[in-house]
Amino acid sequence: MKVAHYLNQFFAGFGAEEQASMGAVRVEGAVGPGRGLGLPVAVTYSCGDDYFGEAEDAALAQLLGWIAKDRPDVLVCGPAFGSGRYGYACGSLAREAARRGVPAVTAMEPDNPGVVAAEGWAYVVPTTPTVIGMRQALAGMAAIARLLGIGGEPGSPEEAGYLPRSIRRNVRVDRLGADRAVDLLLAKIAGDTLTEIAPPIAAVEPPPPVPNMTSALIALVTESGCVPRGNPDHLTSRRSSRWLRYTLDGVATLDSRGYETVHGGFDTTFANGEPNRIVPLDALRASERNGNYGALHPFLYTTSGVDTSVANAVRFGQEIGAELLDAGVTAVVLTGT
Amino acid sequence: MSGPALERAIFQVASVDSGPSTGWRNGRLTIDIRGLQDELRRATRIPSVEVDLTQPGEPVRIVDVLDVVAPVDKPGGNAFPGLLGPAESAGRGRTALLDGIAVISTARLGDADAGVPSIIDLAGPGAALTPWSNTWNVVLSFGDVLDAPIGEVEPAIRLASLRTAQTLAAAVRKIVPDRVESFSIADETGGLPGIGVVLAVAAEGPGLDTFVFGRPFNGPEPMEIDPRGVLDGAVVSGAYNEAGTRPTTWSYQRMRLLESLLERHGKTLRLAGVVLTAAYLDDAAAKERMATGAADLVVRSGATGAIVTTFGGGNSHTDAMLTVRALERANVRTTVLIAETNGGLTDHVPEADAMISVGNEDELVDAWRPDRVIGSARLPDGRRAASAGPLPFLAYVGSVNQLGDRPFRSVSA
């Protein structure tokens, strides 16, 4: 079994923050924590945390190029503990390697953004926020790497000690769903409530009222699938996995010559005839002129919300929300269908 | 709900072959394929119709599948009331059922939701996803009927498929069955918990309808139906979208959930009734009305628990969740059967705390090359049917249907 290991500049021994801009390097054999894995580490890759964050494409291209040449059976990244930048690099590299057929495992604190970056492609072993949990983190990664390296698959998250990857894998069961439904219901009536699907996250708390409308910066966000006519970015009409941003700079109204809706979940005849009724730009412009609020944020954020998973919708909300906060937006008109 | 029992006389099919006339001899069914083909051409006026016979486990992929029907016969020849005869009551008396054989219709229809392939693999990795890899199949291929108005061609194909199923089963008239299953509903069940079923069906127009006693059921109110009627041809699928998550007519005829409840009736529970609801409703008020209406009927049946089923995904899952909420608020405990996706659930209410997973519709099944393709050579997206893959569970007919009759669930990984 051939193992490759990724470490940041600090754990690879190149230096601390002053070396965070260091480009990607490749070293033969195990380095630093890699010696504690108990695995045949053939090669170690490293990169400065800042460099990875600021030049992600270049860093990934270099690292993945080496991985393609070295052809390891498994890639181990980290552990990154609570370090967000290091964790992000570990999660992203592990994801891209796994996408290319090299199974990968990493380790970090469950809140680390690197967990999201791994997108379920890589196994992520949960760790303590600080290096105090180094020994357990290395042992946890090594156990999974040993399996992955020989083409095996770890068991469930609970059994194998990794964070659930939001992957739902189909398994054959002897007892049919219909019979299980009756069993489950009788148990629930008897006071024992069990479920095969964990309930998703809780509802969203309503925000407080907008404190001062006269200075409010308002953004338009929609799940109606409203896009420039011709759908230049090919927004899908259902099961969307992304959102799009279009400038409203100099746009006074959404007329049907310039805009359409590609939503696959309702009859779009009226929306296409008068796009302002699905995204009320005309009314917001009039209100802006009258001084009813401060200003309109000069972008429209759009997706088509039909058959879209809650996980994706939550991600859209987080990503769009982060951008709006950055821009100082204080209120949003969100149109749904 | 008591009354006479439904008796299902089971005839086990050992082999099927083609011959000059249709008949049954010691488990061996002979089918006049050419005569059947001529009859289908005449009845449907679709000249391209072809009939194929497949063996269990043959390396065959069936494409553009519309429906699957279990061959059944009723004395008097009205196995599908309202469609093959008057809308008389179903679920009583004796029905002959051929076990181990299916009638499968295929066609490429216009207007229907053509985005997702609708296939059955009789061998290879997809074979495990379907009961029909183990059956003999009489496949009626109507070909490309995209140019024909769906409102004319769809009923013709549906009726022809049902009639074929009945014609095959009529071969066992006056013959002693291998066994008889009896479904009765005793009134006296002591203090056993009453359990209801809410069966949501597709109701969106031609190609997306469900027929109940011959008419498309589209509400506007929920209705009660005898569970034995569901098992006995009263409910017929005319909905052809989302192959994996939709029930076929077969799924209703052999609905394991109702069989399971009927088997346990009088032992561990009392089957209080089945309520049909129309799902995929267009507006919030209609959805709420259907959900609360269904809950009212369940409460009136005296049930303290209910199993909620659905079809498809997205919109219909909102209907299912609203139904769960309405039932729980009326103090009826619930479980709901749900097909999962890679992205989690489309909708959820906190009251849905006991969910059954029938599997993840997005999971991919390895690519496979059949020796023969029945139906279109290409999938709706243009890929060659003989080499396309990997394909998701969603493309395999009934593999993750939410009546819970397939041996799958999904687990975290």
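Since we're looking at a predicted model, the values are computed, not measured.

As a further point, take the packing of aromatic side chains. Scanning the model with the defined rule gives eleven aromatic pairs over all chains in all. Between Phe52 of chain A and Tyr88 of chain A, the aromatic rings sit 6.3 Å apart at their centres with planes inclined by 70°, giving edge-to-face as the arrangement. In this pair, Phe52 of chain A sits in helix H1 (residues 49–54) while Tyr88 of chain A sits in helix H3 (residues 84–99), placing the two residues 36 residues apart along the sequence. Judged by centre distance (6.0 Å) and plane angle (85°), the rings of Phe11 of chain B and Trp24 of chain B are edge-to-face. On the criterion of sequence distance, the pair formed by Phe11 of chain B in strand E1 (residues 6–12) and Trp24 of chain B in strand E3 (residues 23–25) is long-range, its members being 13 residues apart. Among the residues examined, Phe11 of chain B registers a relative accessible area of 3% and is labelled buried.

Before going further, it helps to spend a moment on the packing of helix H2 (residues 56–70) of chain A against H3 of chain A. Residues and elements named next belong to chain A. Relative orientation of the contacting elements H2 and H3 amounts to 50°, with a least axis distance of 11 Å. Looking at the two axes, H2 sits oblique to H3. Handedness of the crossing formed by H2 with H3: right-handed. Two secondary-structure elements touch here, H2 through Glu56, Leu60, Leu63, Leu64 and Ile67 and H3 through Tyr88, Ser92, Leu93, Arg95, Glu96 and Ala97. Taken together, the residues that form the contact of H2 with H3 break down as seven nonpolar, one polar and three charged.

On to the nonpolar core, then. Grouped together as the largest cluster of nonpolar side chains are 56 residues, with contacts concentrated most on Leu199, Ile225, Val230, Met255, Leu257, Leu261 and Ile307 of chain B. Elements represented by at least two residues in this core include exactly helix H7 (177–189) of chain A together with strand E14 (194–202), helix H3 (227–231), helix H5 (256–264), strand E19 (270–279), helix H6 (284–300), strand E21 (333–340) and strand E22 (355–360) of chain B. With six residues, the single largest contributor to this core is H7 of chain A. For Ile225 of chain B, the contacting residues outside a window of four places in its chain are Val212, Phe213, Val230, Ala234, Val235, Val274 and Leu276 of chain B. Among the nonpolar cores identified, the runner-up in size contains 54 residues, and Cys47, Trp66, Ala94 and Val124 of chain A belong to it.

The subject of this paragraph is the domain arrangement of chain A. With domains assigned, chain A is organised as domain 1 (3–160) and domain 2 (213–335). A C-alpha centroid distance of 39 Å is found between domain 1 of chain A and domain 2 of chain A.

Moving on, we come to unusual backbone geometry. Looking along the chain, the bond that leaves Gly78 of chain A and enters Pro79 of chain A is cis, with omega of 15°. Cis geometry is found at the peptide bond from Gly389 of chain B to Pro390 of chain B, where omega equals 0°. One non-glycine residue, Phe81 of chain A, lies in the positive phi region at around 50°. By the element assignment, Phe81 of chain A lies in the loop between strand E4 (74–77) and H3. For Phe81 of chain A, a relative accessible area of 2% corresponds to the buried category. Backbone geometry at Asp64 of chain B places phi at a positive 60°, although glycine is not the residue there. Assignment of secondary structure puts Asp64 of chain B in the loop between strand E6 (60–62) and strand E7 (65–69). Owing to a relative accessible area of 7%, Asp64 of chain B belongs among the buried residues under this scheme.

To continue, consider the sheet that holds strand E10 (residues 101–109) of chain B. All names here are of chain B. Pairing in this open sheet of four strands is mixed, and the strands run E5-E12-E10-E7 from one edge to the other. Looking at which strands have only one partner, the edges of the open sheet turn out to be strand E5 (50–54) and E7. The average undirected angle you get between the axes of adjacent strands in this sheet is 20°. Across eight bridges, E10 lies against strand E12 (residues 136–145) in parallel orientation. For Val103, the partnering residue across the bridge sits in E12 and is Val138. Helix H2 (residues 150–169) contacts E7, E10 and E12 of the sheet and is inclined by roughly 165° relative to E10.

Scoring rules and cut-offs
Residues numbered from 1 in each chain as written. Chains lettered and ligands numbered in written order. Predicted model: local features only at pLDDT ≥ 70, side-chain atom pairs only at ≥ 80, totals over all residues. Heavy atoms only, no water. Phe/Tyr/Trp six-rings, centres within 6.5 Å; stacked < 30°, edge-to-face > 60°. Helix = DSSP H or I, 4+ residues; strand = E, 2+ residues; numbered from the N terminus. Buried < 20%, exposed > 50% of the residue type's maximum accessible area, 1.4 Å probe, protein only. Axes fitted to C-alpha atoms, helices over the stretch in contact; angles between N-to-C directions. Parallel < 35°, antiparallel > 145°, perpendicular 65-115°, else oblique. Left-handed = near helix turned anticlockwise from the far one by under 90°. Contact = heavy atoms within 4.5 Å. Nonpolar A, V, L, I, M, F, W, Y, C, P; charged D, E, K, R; others polar. Core = buried A, V, L, I, M, F, W, Y, C linked by side-chain atoms within 4.5 Å. Domains from an automatic or database assignment. Pairing = 2+ DSSP bridges.

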